[in-house]
Amino acid sequence: IYLVGMTNDLLFNRIVGYEHGLYTPGSVFPSGQGQAWGKVCPQFTPFGIVRGNVNHDNARFGLYVDSQYPRNLDRDENGFVRAGCSEFTADGKDNGVNPANV
């Protein structure tokens, strides 16, 4: 599964015999791709629900989350980011999500 929209839920998938079972390359396209370019920050998007997945006999990784650092994002109804991609908030507080999923 090649996943750029990290907030998608990943439920009960079976992945066998690929290069990477579940690959989330958020830092490869830090400003998004296509129509979402400049409106998202995939590397900093919180994960959705990840449950019940089985990855086996893949060439390299069953789960490869690249460099994901989920942050508190303010998004519109289409999922585009209005604010929150920065490492710190305006008042200097850490902007990281805890826990790293929503």
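Look a little higher up for the structure.
First, a word on scope: everything that follows refers to the structure included in this document. (Residues numbered from 1 in each chain as written. Predicted model: local features only at pLDDT ≥ 70, side-chain atom pairs only at ≥ 80, totals over all residues. Heavy atoms only, no water.)

A count of helical and extended segments in the protein chain gives zero helices and eight strands. In sequence order, the secondary structure elements of the protein chain are arranged as β-β-β-β-β-β-β-β. In terms of principal-axis extent, the alpha carbons of the protein chain reach across some 45 × 30 × 25 Å. The buried share of the protein chain, reckoned over its 102 residues, is 25%. When the accessible area of the protein chain is evaluated, it comes to approximately 6400 Å², of which 51% is carbon and sulfur surface. (Helix = DSSP H or I, 4+ residues; strand = E, 2+ residues; numbered from the N terminus. Buried < 20%, exposed > 50% of the residue type's maximum accessible area, 1.4 Å probe, protein only. Areas by Shrake-Rupley, 256 points an atom, 1.4 Å probe, with all protein chains shown as cover.)

Looking now at the layout of surface pockets. Any empty space left between atoms is shown by rolling a water-sized probe over those atoms. Looking at the largest pocket, its volume works out to about 230 Å³. Lining of the largest pocket is provided by 18 residues; of these, V4, G5, V40, P42 and T45 occupy positions nearest its centre. Partitioning the lining of the largest pocket into residue classes produces nine nonpolar, eight polar and one charged. (1 Å grid on protein atoms, 1.4 Å probe; cavity = no way out; pocket = protein on both sides within 12 Å on 5 of 7 lines; lining within 4 Å. Points joined across faces, edges and corners; volume = space filled by probe spheres on them. Nonpolar A, V, L, I, M, F, W, Y, C, P; charged D, E, K, R; others polar.)

Moving on: the pattern of salt bridges. This model, assessed by the stated rule, comprises three salt bridges. Notably, a salt bridge pairs E19 with R60, separated by 4.0 Å at the nearest N-O pair. Of the two residues, E19 is situated in the loop between strand 2 (14–16) and strand 3 (20–23) and R60 in the loop between strand 5 (54–56) and strand 6 (61–64); the sequence distance between them amounts to 41 residues. According to the relative accessible area criterion, E19 is partly exposed, its value standing at 43%. Overall, R60 belongs to the exposed group, its relative accessible area being 52%. In this structure, R82 engages D74 in a salt bridge whose closest nitrogen and oxygen atoms are separated by 3.3 Å. The exposure class assigned to D74 is partly exposed, which follows from its relative accessible area of 36%. (Salt bridge = Lys/Arg side-chain N within 4 Å of Asp/Glu carboxyl O.)

Time to look at unusual backbone geometry. The phi dihedral of D57 is positive, around 55 degrees, even though this residue is not glycine. Mapping D57 onto the fold places it in the loop between strand 5 and strand 6. Assessed through its relative accessible area of 62%, D57 is described here as exposed. Unlike most non-glycine residues, D66 shows phi in positive territory, near 55 degrees.

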